[in-house]
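Descriptive analysis of the structure
Single-letter residue listing:
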Amino acid sequence: MAEQKRAVALISGGLDSMLAAKVILDQGIHVEGVNFFTGFCVEGHTHAIRKKKQQSPKRNNALWVAEQLGIKLHIVDVIEEYKDVLLNPKHGYGQNLNPCLDCKIFMVKKAQAWSFMQDNGFDFIITGEVIGQRPKSQRKETMPIIARQSGVEDRLLRPLCAKHLPLTLPEREGWIDREKLFDFHGRNRKPQIALALQLGFTDWSQPAGGCCFLTDEQYSNKLVDLWQARGSREYELDDIMLLKVGRHIRPQPHYKLIVGREEGENKYLEGYKGTFISIKTTSHMGPLALIDGAPTPQDIEFACQIVGRYSQGRNATELVYEVRFPDGDTKPITTTALAIDALDPNWHV
Amino acid sequence: MSDSSPLHPASTLPETQRHHIDARRLLCPMPVIKAQDLIKTLQPGDVLTLVATDPGTLQDIPSWTRVHGHNLELATQTNDEYHFRIIVR
Ligand code: SF4
């Protein structure tokens, strides 16, 4: 009996990669999924932080997809390596800070490197890409660029739009029947939805705008603000996670406040009390806020007033705040809350 | 981990087969990645306990153990912590 061929599927957790993997599984190929965690992925985190979103499932969609397909999923931490992709994208950025084309090349290359590290290796790589789906990264011209620059060449198969593309090795060798692949193109999602239903799926995830926060304008602005304030484009995982949480208010270039918007965020910010100066009103119910930067004592008092504005004491004549320093020292401060119209809208990052 | 932890192993397994990950404060999927990367180095029958604070782990750790065929012996919550015990297959 011929040896069963093995494919690695890039699983984002969205519909397209789920369908691509299913179509190949149905051709008798052994498929395992990989999912790369860059730190910017939309998965789970914000659901976990914000109580408000608890009605939406807190599941990790990539894992959920793997369960639906009955395949193994390997989640790979690429936070460090991804920095170079984000900071120095050869092909530039999309509408915001999303370096989609470089990101795709990186992920396909990583999938190959990952596959080499496994016993027996894998024979080819599949993605859920569809020509014309994304204006920058998923175009007819970019498909061969990804295959070439990742080094994967004709071992890269895109089952959903394969019929628009040259033959790949798995098709040429007869491991895969090209006739059973698809010719999807463009932004219309109807063919994917029809295929999903035909394959028996009733549920899938379709994150709006893409698979990561870098496509989000507000998030990108916060990241640029962070880099500008630090005078360097370095970042750590905690930095980029914190950009997903709270209101970010920068009254002065040398410090900003991160103010929790609800209980889940306050709780999450609590975890950073050992790293940042934190402020909380003790005379009234109110949010927890962190100060990122190097504030003077006057700045800290002003920061308290900003925090007071978001507390239940916003109209009180006097509020008591507890300022806590990373070493655990605390200092009570009694002052007012900032008047509503005194908060410059330009301070909101 | 204190003796009152729901994960305190009553098991007679030797120390070398018992492993623990403190994934508190880590957000998903980091707790899953930590478990996955450690389990890769373990032997069948080894026991991994994990404690996390991200409620997403309540979905993700069981899901990950199912797709990889490991045995999730325990998944429980105490206050704001989530505790898991996985037997490596
Ligand atoms: S949306 Fe984000 S994760 Fe997806 S290809 Fe673009 S940069 Fe990469």
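Notes on the structure follow. Everything quoted here is computed from the prediction, not taken from an experiment.

A word on the site of the ligand
All names here are of chain A. Within the structure, the ligand sits among Tyr82, Pro99, Cys100, Cys103, Lys104, Cys211, Cys212 and Thr215. Broken down by element, the shell around the ligand gets its largest block of residues, three residues, from helix α5 (residues 100–117). Along the lines of polarity and charge, the residues of the shell around the ligand split into six nonpolar, one polar and one charged.

A look at the pairing of strand β11 (residues 330–335) of chain A
In regular strands, side chains alternate between the two faces of the sheet. In terms of strand pairing, strand β10 (residues 319–324) of chain A meets β11 of chain A through six bridges, oriented antiparallel. When the bridges of β11 of chain A are listed, valine 320 of chain A appears paired with threonine 334 of chain A.

Observations regarding the packing of aromatic side chains
Residue and element names in this part refer to chain A. Tallied over the entire structure, the rule returns eleven aromatic pairs over all chains. Taking 6.2 Å as the distance between ring centres and 50 degrees as the angle between the ring planes, the aromatic pair formed by phenylalanine 40 and tyrosine 82 counts as tilted. Linking phenylalanine 40 in the loop between β2 (30–37) and α2 (45–49) with tyrosine 82 in helix α4 (residues 79–87), this pair joins segments that are 42 residues apart in sequence. For the pair phenylalanine 40 and tyrosine 82, a shared accessibility class is recorded, and that class is buried. Seen in terms of ring centroids, tyrosine 82 and phenylalanine 106 are 5.8 Å apart; in terms of plane orientation they differ by 70 degrees. Their pairing is edge-to-face. Taken together, the positions of tyrosine 82 in helix α4 and phenylalanine 106 in helix α5 put the pair 24 residues apart, joining distant regions of the chain. The pair tyrosine 82 / phenylalanine 106 is uniform in exposure class, with both members buried. Across from the ring centre of tyrosine 235, 5.3 Å away, lies the NZ or CZ of lysine 83, which sits over that ring. Arginine 233 extends its terminal NZ or CZ atom over the ring of tryptophan 227, reaching a point 5.4 Å from the ring centre.

Quick notes on the rules
- Residues numbered from 1 in each chain as written.
- Chains lettered and ligands numbered in written order.
- Predicted model: local features only at pLDDT ≥ 70, side-chain atom pairs only at ≥ 80, totals over all residues.
- Heavy atoms only, no water.
- Near = heavy atom within 4 Å.
- Helix = DSSP H or I, 4+ residues; strand = E, 2+ residues; numbered from the N terminus.
- Nonpolar A, V, L, I, M, F, W, Y, C, P; charged D, E, K, R; others polar.
- Pairing = 2+ DSSP bridges.
- Phe/Tyr/Trp six-rings, centres within 6.5 Å; stacked < 30°, edge-to-face > 60°.
- Buried < 20%, exposed > 50% of the residue type's maximum accessible area, 1.4 Å probe, protein only.
- Lys NZ or Arg CZ within 6 Å of the ring centre and 35° of its normal.

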